[in-house]
Amino acid sequence: MSINATLLAQMIVFAVFVWFTMKFVWPPIMQAMRDRQKRISEGLAAAERGARELNEATAKAEEMVAKARTQAQEILTNAQRQADDTLERAREDARAEGERIVTAAREEIDQAVASAKEDLRREVGSLAVVGAERILKREIDAKAHNDIIDDLVAEIR
Amino acid sequence: MASAEGGSSATQYIQHHLTNLKFDLTSMSFDGHASGFWVLNVDSLFFSIILGVFFLFFFRMAAKKATATEPGGLQNFVEMIVDFTDTQVRDIYHGQSKLIAPLALTIFVWVFLMNFMDLIPVDALPAAAHASGIEYLKVVPSTDLNITFGLSISVFLLMMFYSVKIKGGLGFLKETLTHPFGPWLAPFNFALFVVETVAKPVSLSLRLFGNLYAGELIFILIAVFTLGAGASLLAVPMFILQVLLGVGWAIFHILVITLQAYIFGMLTIVYLSMAQEHH
């Protein structure tokens, strides 16, 4: 057990090994590890960004849905009002039409009644004349007795 | 290795396990008893280089195929270790150097692998080597002082380099002379500086060496239990005891080798960041 030239040889070998490690082993491995670190942090950042974007999109979509719902409600209300209006108007028209028809019918009836009355009166007048003729057994001069007949007619009326 | 030769066999066995395969650079020959400075511990160097190449091969493979999107099993494993190292370095060291973190990674993994050799059965590789004609083989590089000092002295040189680089030559000199007792006690300051500075690499390497050497020695001692017992009646209970102790020590040693690799790496970072701090 003595110190000899092995010491020098070992120092040289050591130097070569350290040099090799420094040159060819350490840098690539550290580089790979650093790259991975960067990659992971980038990935995490991207994931965070994605989540944020998703949130934003969701909020926007919700907003749009809400807006659409309000719009639909508005449209619905409008349509309802319009329908009500139309219905009301139609009802009004129908009522007016009905009234008009009823009035016309009533007028017609009145007219018919009046004309029937006239006819009846005339009939009664002629019947009265015929009756009187029969009673008198002679022809009454229509001209001569017109005023009597008229009196009769007036009385009947 | 179980050559039953009576009383001296255990000593021989242990001695044999603690002897490096040496290559004498002056005579250019393998010599188990070579001494002097110009000797290479071929086994320690061989295993340390093999393990280092093993580490670099797998980490380079992971680095080459490293993707940010779909990390495979190997990449996950490597990334776990790299990330662990990076966190430790970031916590302790606040300078700009691009060297510290790869250095710490190399130390963590390499020292761990060298320590891990301790968990391979003590006789397996030496016996295989013996079978192929190699006389001595010490398989755990971190039980060789040359290896641990090779690491810690390199760290020490880096400490000095960064210290001078950050503070400048004069600033560094000034700090060695005036810190911590002020300029009037410059000799004491300098003496303190020397002790403090030398203590760091020495403690660093001796801690690792001591722990692993002791661990290896205990594995060897456990292996000695049935050495030369032959077919005696005692062989069976001794064998059971040996297995139990071996398993227990190995499990405990998993903790030790990991901890020692971790401590070596952590202290390297701490020392290097201390060297760059202004006092």
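This one's a predicted model, so the numbers in the text were calculated from it and none came from an experiment.

Colleague: Give a detailed account of the sheet that holds strand 1 (residues 22-24) of chain B, specifying residues and quantitative values.
Modeller: All names here are of chain B. Strand order in the open sheet made by the three strands is 2-1-3, with antiparallel pairing throughout. If you trace the sheet from one side to the other, it starts and ends with strand 2 (29-30) and strand 3 (39-41), each paired once. Looking at chain direction, strand 1 and strand 3 are connected through three bridges and run antiparallel. Considered in strand 3, the bridge of Phe-23 is made with Leu-40. The strands touched by helix 2 (residues 42-64) within the sheet are strand 1 and strand 3, with strand 3 carrying the most contacts at an inclination of about 50°.

Colleague: Go over the interface of chain A and chain B, please, and point to the residues and values.
Modeller: Opposite the 29 residues of chain A that make contact, chain B presents 42 residues. Tallied by class, the residues present in the side of chain A that touches chain B amount to 21 nonpolar, five polar and three charged.

Colleague: Lay out the packing of helix 1 (residues 6-136) of chain A against helix 6 (residues 145-178) of chain B in plain terms, naming residues and giving numbers.
Modeller: Packed helices, taken two at a time, are described by their axes: the angle between them and the distance between them. Put simply, helix 1 of chain A and helix 6 of chain B touch, their axes get as near as 8 Å, and they point 55° apart. One way to sum up the angle between helix 1 of chain A and helix 6 of chain B is to call them oblique. Every pair of crossing elements has a handedness; the one defined by helix 1 of chain A and helix 6 of chain B is right-handed. Residue-level inspection shows A:Thr6, A:Leu7, A:Gln10, A:Met11, A:Phe14 and A:Ala15 of helix 1 of chain A in contact with helix 6 of chain B, the latter providing B:Asn146, B:Ile147, B:Phe149, B:Gly150, B:Leu151, B:Ile153 and B:Ser154.

Colleague: Go over the UniProt feature "transmembrane region" (unreviewed entry) in chain B with me, naming the residues and quoting the values.
Modeller: Per the UniProt entry, the sites bearing "transmembrane region" (unreviewed entry) are residues 37-59, 99-117, 145-164, 217-241 and 247-272 of chain B in this numbering. Secondary structure across residues 99-117 of chain B divides into 89% helix and 0% strand, with the first and last C-alpha atoms of the span separated by 27 Å.

Procedures and definitions
Residues numbered from 1 in each chain as written. Chains lettered and ligands numbered in written order. Predicted model: local features only at pLDDT ≥ 70, side-chain atom pairs only at ≥ 80, totals over all residues. Pairing = 2+ DSSP bridges. Helix = DSSP H or I, 4+ residues; strand = E, 2+ residues; numbered from the N terminus. Contact = placed C-beta atoms within 7 Å. Axes fitted to C-alpha atoms, helices over the stretch in contact; angles between N-to-C directions. Nonpolar A, V, L, I, M, F, W, Y, C, P; charged D, E, K, R; others polar. Parallel < 35°, antiparallel > 145°, perpendicular 65-115°, else oblique. Left-handed = near helix turned anticlockwise from the far one by under 90°. UniProt positions renumbered as here; feature names shortened; annotations may be inferred.

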